[in-house]
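Observations on the three-dimensional arrangement
Chain by chain, the residues:
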Amino acid sequence: MTVANPARTITVRDAAARLDVTPRTLKYYEELGIVVPVRSEGGYRLYEQADLDKLARVLRMRSLGFSLTAITAMLQQPMEAPAEGGRPRLSNSSLKTLRETLTEQLGMLDARVAQVRKELKEAAVLQGQLRRDLDYVERRLAGEPVEEALEQRRKERPAP
């Protein structure tokens, strides 16, 4: 396939740099059928904005822990034949499968968000403790007697 508008495409190297991945990663995603870049007259892979958008979404999903198998399954649902002059659409069975996949992925993402919120709360508690520890050390280095520094630390301790 040749490029319809080469001004709107970028090379593998440029696409990889934009997405912060290697060209090999892009080739692997092509092998999985996640994207199908157009080809130049010389046979080089060229990526359009839609390809970059899809790849960015895949990379975000991967960073959140989704498997490539699940991502690929979601992206490769069979299409119905297009209505006259229209675009291909997902069949009802594909839509149902996609709904199940999306529901499962949303559940996984909800669990991840809950985990991150819990970790943030724990980090905030630790942050407070470290600030109090640092304040104590700074007071001691400034020459404050141990008893006074400890008394101030007790006053600053949050209620359990």
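Up top you'll find the structure we're talking about.
Structural notes, computed from the coordinates. The shown structure was predicted, so the numbers you read here are calculated from the model rather than taken from an experiment.

This brings us to the overall build of the protein chain. A tally of helices and strands in the protein chain yields six helices and five strands. Along the protein chain, from the amino end to the carboxyl end, the secondary structure elements read β-α-α-β-β-α-α-β-β-α-α. Within the protein chain, buried positions represent 24% of all 160 residues. Considering only residue pairs separated by 6 or more positions, the protein chain has 47% of its internal contacts joining residues 24 or more positions apart. Put simply, the protein chain shows about 11700 Å² of open surface, and 54% of that area lies on carbon and sulfur atoms.

Here we take up helix α1 (residues 12-19). Of the positions making up α1, those classed as buried are Val12, Ala15, Ala16 and Leu19. All buried residues of α1 project into a common sector of 100 degrees when viewed along the axis, lining one side. Relative to its buried face, α1 has exposed residues pointing more than 90 degrees away, namely Arg13, Ala17 and Arg18. Those residues of α1 hidden inside the fold are in contact with β1 (10-11), α2 (23-31), β3 (45-47) and α3 (49-63). Positive phi shows up at aspartate 20, right after α1, with a value of about 60 degrees.

The next thing to look at is the side chain of glutamine 105. Looking at the element boundaries, glutamine 105 is found in helix α5 (residues 92-141). With a relative accessible area of 6%, glutamine 105 lands in the buried category.

Quick look at the packing of α1 against α3 now. Put simply, α1 and α3 touch, their axes get as near as 11 Å, and they point 40 degrees apart. In terms of orientation, α1 lies oblique with respect to α3. Every pair of crossing elements has a handedness; the one defined by α1 and α3 is right-handed. Residues Ala15, Arg18 and Leu19 of α1 pack against Gln49, Leu52, Leu55, Ala56 and Leu59 of α3. The residue inventory of the contact of α1 with α3, partitioned by class, reads six nonpolar, one polar and one charged.

Attention shifts here to the packing of aromatic side chains. By convention here, two paired aromatic rings are described through the distance between centres and the angle between planes. Here the structure, examined in full by the defined rule, presents one aromatic pair. With 6.4 Å between their ring centres and 40 degrees between their planes, tyrosine 28 and tyrosine 29 make a pair best called tilted. We note arginine 153 situated over the ring of tyrosine 136; from NZ or CZ to the ring centre the distance is 5.5 Å.

Attention shifts here to the sheet that holds strand β2 (residues 38-39). Strands belonging to one sheet form pairs held by backbone hydrogen bonds; the direction of such a pair is parallel or antiparallel. Here we have three strands laid out as an open sheet, ordered β1-β3-β2, and antiparallel in their pairing. This sheet does not close on itself; its edge strands, each paired only once, are β1 and β2. By the bridge criterion, two bridges tie β1 to β3 in an arrangement that is antiparallel. Residue threonine 11 lies in a different strand from β3, and its bridge partner there is leucine 46. Relative to β3, α2 is tilted by about 90 degrees, and along the sheet it contacts β2 and β3.

Thresholds, definitions, all that
Residues numbered from 1 in each chain as written. Predicted model: local features only at pLDDT ≥ 70, side-chain atom pairs only at ≥ 80, totals over all residues. Heavy atoms only, no water. Helix = DSSP H or I, 4+ residues; strand = E, 2+ residues; numbered from the N terminus. Buried < 20%, exposed > 50% of the residue type's maximum accessible area, 1.4 Å probe, protein only. Contact = heavy atoms within 4.5 Å. Areas by Shrake-Rupley, 256 points an atom, 1.4 Å probe, with all protein chains shown as cover. Arc of directions from axis to C-beta. Axes fitted to C-alpha atoms, helices over the stretch in contact; angles between N-to-C directions. Parallel < 35°, antiparallel > 145°, perpendicular 65-115°, else oblique. Left-handed = near helix turned anticlockwise from the far one by under 90°. Nonpolar A, V, L, I, M, F, W, Y, C, P; charged D, E, K, R; others polar. Phe/Tyr/Trp six-rings, centres within 6.5 Å; stacked < 30°, edge-to-face > 60°. Lys NZ or Arg CZ within 6 Å of the ring centre and 35° of its normal. Pairing = 2+ DSSP bridges.

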